[in-house]
Number of protein chains: 6
Amino acid sequence: MPYVNVRITKEGNTPEQKAQVIAEITETLERVLGKPPEVTFVVIDEVPMEDWGYKGLPTSKLRPPNPGPV
Amino acid sequence: MPYVNVRITKEGNTPEQKAQVIAEITETLERVLGKPPEVTFVVIDEVPMEDWGYKGLPTSKLRPPNPGPV
Amino acid sequence: MPYVNVRITKEGNTPEQKAQVIAEITETLERVLGKPPEVTFVVIDEVPMEDWGYKGLPTSKLRPPNPGPV
Amino acid sequence: MPYVNVRITKEGNTPEQKAQVIAEITETLERVLGKPPEVTFVVIDEVPMEDWGYKGLPTSKLRPPNPGPV
Amino acid sequence: MPYVNVRITKEGNTPEQKAQVIAEITETLERVLGKPPEVTFVVIDEVPMEDWGYKGLPTSKLRPPNPGPV
Amino acid sequence: MPYVNVRITKEGNTPEQKAQVIAEITETLERVLGKPPEVTFVVIDEVPMEDWGYKGLPTSKLRPPNPGPV
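Residues numbered from 1 in each chain as written. Chains lettered and ligands numbered in written order. Predicted model: local features only at pLDDT ≥ 70, side-chain atom pairs only at ≥ 80, totals over all residues. Heavy atoms only, no water.

A.B. asks: Whenever I open this one, the environment of F:Val43 confuses me. Can you help?
C.D. replies: Here F:Val43 shows up in strand 2 (residues 41-47). Taking C-alpha positions, F:Val43 is 9.7 Å from F:Lys18, a pair spaced 25 residues apart along the chain. Among all residues touching F:Val43, those that are not within four sequence positions of it are C:Arg7, C:Val47, C:Asp51, C:Trp52, F:Tyr3, F:Val4, F:Asn5 and F:Val6. (Helix = DSSP H or I, 4+ residues; strand = E, 2+ residues; numbered from the N terminus. Contact = heavy atoms within 4.5 Å.)

Have a look at this one:
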């Protein structure tokens, strides 16, 4: 019965990418810990860059708006 | 001083339903654990179906958009 | 598929009380939002009073160790 | 490597206020606990007043929409 | 800068299994979303079975203490 | 009514340090956002180093047990 919460900045993540993350994490938990997918939740939260602080600054200040690999 | 976080898929939950959930959970914690409502937070997060993974798939793939009882 | 996280201070909450909270919240979500218990998680976290800050102080400073109704 | 999640009601908090909160919490964790800003996340969640329950009611029922100091 | 919180019941998960989960989730986020491991946190919470409610009951009531695949 | 969750590795943080973090975060939210301390929760979770993954590894593998400034 895992509950997995994936928090990432909102930066152009596509539905396909998010579906891939959901599938892979579910598969990892099944193979490694024996957790059935039927009782596994993987929930993704996309947080606006203005609200995600890193190095004491909003990520929106650290990076231009276009998505980058952080 | 309970903090309760209710995470559900965003599927047509009405303000009245959410208010009912807030009221009932607060009442349960007061009656069962003696927690005064004045220091009880019940916070509801509605998560897009695309971001809630179940059985390794986004819920949006598991169900048509119209809300269903899951 | 609700995931409910109930965070409370660790103050003599009995297994019976916690089971009652789990049962009632599950029942509320089923009746009010139509969420089946088979896909409902209610997870209780008991936090040491030293780690729960309220009014700018650890609860352990606000109250004697014996459980009180907060 | 702290992860700090600041959950507040969505009530006119400005980007500047949120940036100030991020900066101050990061500075507190560096000075008090020795946590380097380069591995410190401070993530702000703004929750609609309708979804934040307090005293058994949605905050939207407790207060008029214009932001107030709660 | 992902923060991933993996919540599972406390049921004999070994350090090696948890390390494997950490490694695989980090690798998934790097490959699928381009998130560098140097800014990726994967945090596992093991919750006592008495505190994890499923089907309206504590998991400790649903299963004997020895770990099982749920 | 802020709820702030401070998640850090369990590495010799003293009650005094944690009380200082609680006090400072509460003061920041009062001064910057006008949030009264009487409705502000600051909750600290100390996570075993074995369960906190960074750079794809448990922190316990990245550092010797004695607390270090990460």
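A.B. asks: Which parts of the structure should I look at to understand the arrangement of the chains?
C.D. replies: There is a clear gap between chain C and chain D: no contact, and 13 Å between their nearest C-alpha atoms. Across the gap from chain A to chain F, with no contact made, the nearest C-alpha atoms are 13 Å apart.

A.B. asks: Teacher, can you tell me more about the relation of the copies chain E and chain A here?
C.D. replies: Put simply, the second copy of the chain is the first one after a rotation about an axis and a shift along it. Taken as rigid bodies, chain E and chain A are interconverted by a rotation of 180 degrees and an axial shift of 0.0 Å, the fit giving an RMSD of 0.0 Å. The transformation relating the two chain copies, once decomposed into turn and shift, fits a two-fold axis. Of the C-alpha atoms belonging to chain E, the one lying closest to the rotation axis is found on E:Asn5, 2.6 Å away. Looking at the interface residues of chain E, 100% of them are also at the interface in chain A, so both copies use one shared face. (Least-squares fit on C-alpha atoms with pLDDT ≥ 70 in both.)

A.B. asks: Can you walk me through the interface of chain F and chain D in this structure?
C.D. replies: Interface size, as often reported, equals the accessible area lost upon joining of the parts. Opposite the 31 residues of chain F that make contact, chain D presents 31 residues. In this assembly, chain F packs against chain D so that about 2,800 Å² is buried in total across both faces, 67% of it on carbon and sulfur atoms. Summed over the shared surface of chain F and chain D, the number is 3 salt bridges. The closest approach of N and O atoms between F:Glu11 and D:Lys35, which form a salt bridge, is 4.0 Å. At the junction of chain F with chain D, the criterion picks out 9 residue pairs in polar contact (both at pLDDT 80 or more). Where the side of chain F that touches chain D is concerned, the elements lending two or more residues are strand 1 (3-9), helix 1 (15-33) and strand 3 (52-54) of chain F. With 10 residues, the single largest contributor to the side of chain F that touches chain D is helix 1 of chain F. Bridge count between strand 1 (residues 3-9) of chain D and strand 1 of chain F: 5 bridges; the pairing is antiparallel. Across the sheet, D:Tyr3 pairs through a bridge with F:Arg7, a residue of strand 1 of chain F. (Buried area = accessible area lost by both parts, 1.4 Å probe. Salt bridge = Lys/Arg side-chain N within 4 Å of Asp/Glu carboxyl O. Polar contact = N/O pair within 3.5 Å; in protein donor to acceptor, adjacent residues only side chain to side chain. Pairing = 2+ DSSP bridges.)

A.B. asks: Looking at this structure, how should I read the UniProt feature "domain: 4-oxalocrotonate tautomerase-like" (unreviewed entry) in chain A?
C.D. replies: As annotated in UniProt, the feature "domain: 4-oxalocrotonate tautomerase-like" (unreviewed entry) corresponds to residues 2-58 of chain A in the numbering used here. The span residues 2-58 of chain A carries 33% helix and 33% strand; its end-to-end C-alpha distance comes to 31 Å. (UniProt positions renumbered as here; feature names shortened; annotations may be inferred.)

A.B. asks: Help me understand the environment of C:Thr9 in this model?
C.D. replies: All names here are of chain C. Summarising the element assignment, Thr9 is placed in strand 1 (residues 3-9). Of the residues examined, Thr9 reaches a relative accessible area of 2% and is grouped as buried. Each C-alpha atom of the pair Thr9 and Asp45 lies 8.2 Å from the other, and the pair is 36 residues apart in sequence. A polar atom in the side chain of Thr9 sits 2.4 Å from the side chain of Glu11. (Buried < 20%, exposed > 50% of the residue type's maximum accessible area, 1.4 Å probe, protein only.)

A.B. asks: Is there a simple way to think about helix 1 (residues 15-33) of chain A in this case?
C.D. replies: The periodicity of an α-helix, 3.6 residues per turn, causes residues three or four positions apart to be oriented the same way. The end-to-end C-alpha separation of helix 1 of chain A is 27 Å, in line with the 27 Å expected for 19 residues at 1.5 Å each. Of all the residues in helix 1 of chain A, the buried ones are A:Lys18, A:Ala19, A:Val21, A:Ile22, A:Glu24, A:Ile25, A:Thr26, A:Thr28, A:Leu29, A:Val32 and A:Leu33. In the core, the buried residues of helix 1 of chain A are packed alongside strand 1 (3-9) and strand 2 (41-47) of chain A, strand 3 (52-54) and strand 4 (57-58) of chain B together with strand 1 (3-9) and helix 1 (15-33) of chain E. Following helix 1 of chain A by one or two positions, A:Gly34 has its phi on the positive side, about 70 degrees. (Expected span 1.5 Å × (residues − 1).)

A.B. asks: Which parts of the structure should I look at to understand the interface of chain E and chain A?
C.D. replies: Counting residues at the interface gives 31 residues for chain E and 31 residues for chain A. Of the roughly 2,800 Å² buried at the junction of chain E and chain A (both faces included), carbon and sulfur atoms supply 67%. One can count 3 salt bridges joining chain E with chain A. As a salt-bridge pair, A:Arg31 and E:Glu24 come within 2.7 Å of each other at their nearest N and O atoms. Within the residue set of the side of chain E that touches chain A, elements represented by two or more residues are strand 1, helix 1 and strand 3 (52-54) of chain E. For the side of chain E that touches chain A, the element with the highest residue contribution is helix 1 of chain E, accounting for 10 residues. In terms of residue class, the side of chain E that touches chain A is made up of 17 nonpolar, 8 polar and 6 charged. (Nonpolar A, V, L, I, M, F, W, Y, C, P; charged D, E, K, R; others polar.)

A.B. asks: Sorry, what's going on with the pattern of salt bridges here?
C.D. replies: Where charged atoms of side chains with opposite charge meet at close range, the side chains can pair. Enumeration according to the criterion identifies 58 salt bridges over all chains in this entry. Across the pair A:Asp51 and D:Lys18 runs a salt bridge whose closest N-O atoms are separated by 2.8 Å. Linking A:Asp51 in the loop between strand 2 and strand 3 (52-54) with D:Lys18 in helix 1 (residues 15-33), this pair reaches from one chain into another. Each member of the pair, A:Asp51 as well as D:Lys18, carries the same accessibility label: buried. With a closest N to O distance of 2.3 Å, F:Glu11 and F:Arg63 form a salt bridge. In this pair, F:Glu11 sits in the loop between strand 1 and helix 1 while F:Arg63 sits in the segment after helix 2 (59-62), placing the two residues 52 residues apart along the sequence. Accessibility expressed as a relative area gives 13% for F:Arg63, which makes it buried. Salt bridges sharing partners connect three or more residues here, namely A:Arg7, A:Asp45, B:Arg7, B:Asp45, D:Arg7 and D:Asp45.

A.B. asks: Just checking my understanding: could you explain the relation of the copies chain F and chain D for this structure?
C.D. replies: Mapping chain F onto chain D leaves a residual RMSD of 0.0 Å; the transformation is a rotation of 180 degrees accompanied by 0.0 Å of translation along its axis. A shared interface surface links the copies, since 100% of the contact residues of chain F are contact residues in chain D too.

A.B. asks: I'm lost on the sheet that holds strand 4 of chain B in this one. Help?
C.D. replies: Strand pairing in a sheet takes place through backbone hydrogen bonds and is either antiparallel or parallel in direction. Within the open sheet, the 8 strands sit side by side as 4(B)-3(B)-2(A)-1(A)-1(E)-2(E)-3(F)-4(F). Their pairing is mixed. With one partner strand each, in any of the chains shown, strand 4 of chain B together with strand 4 (57-58) of chain F form the two edges of the open sheet. Across 2 bridges, the pairing between strand 3 of chain F and strand 4 of chain F is antiparallel. Considered in strand 4 of chain F, the bridge of F:Gly53 is made with F:Pro58.

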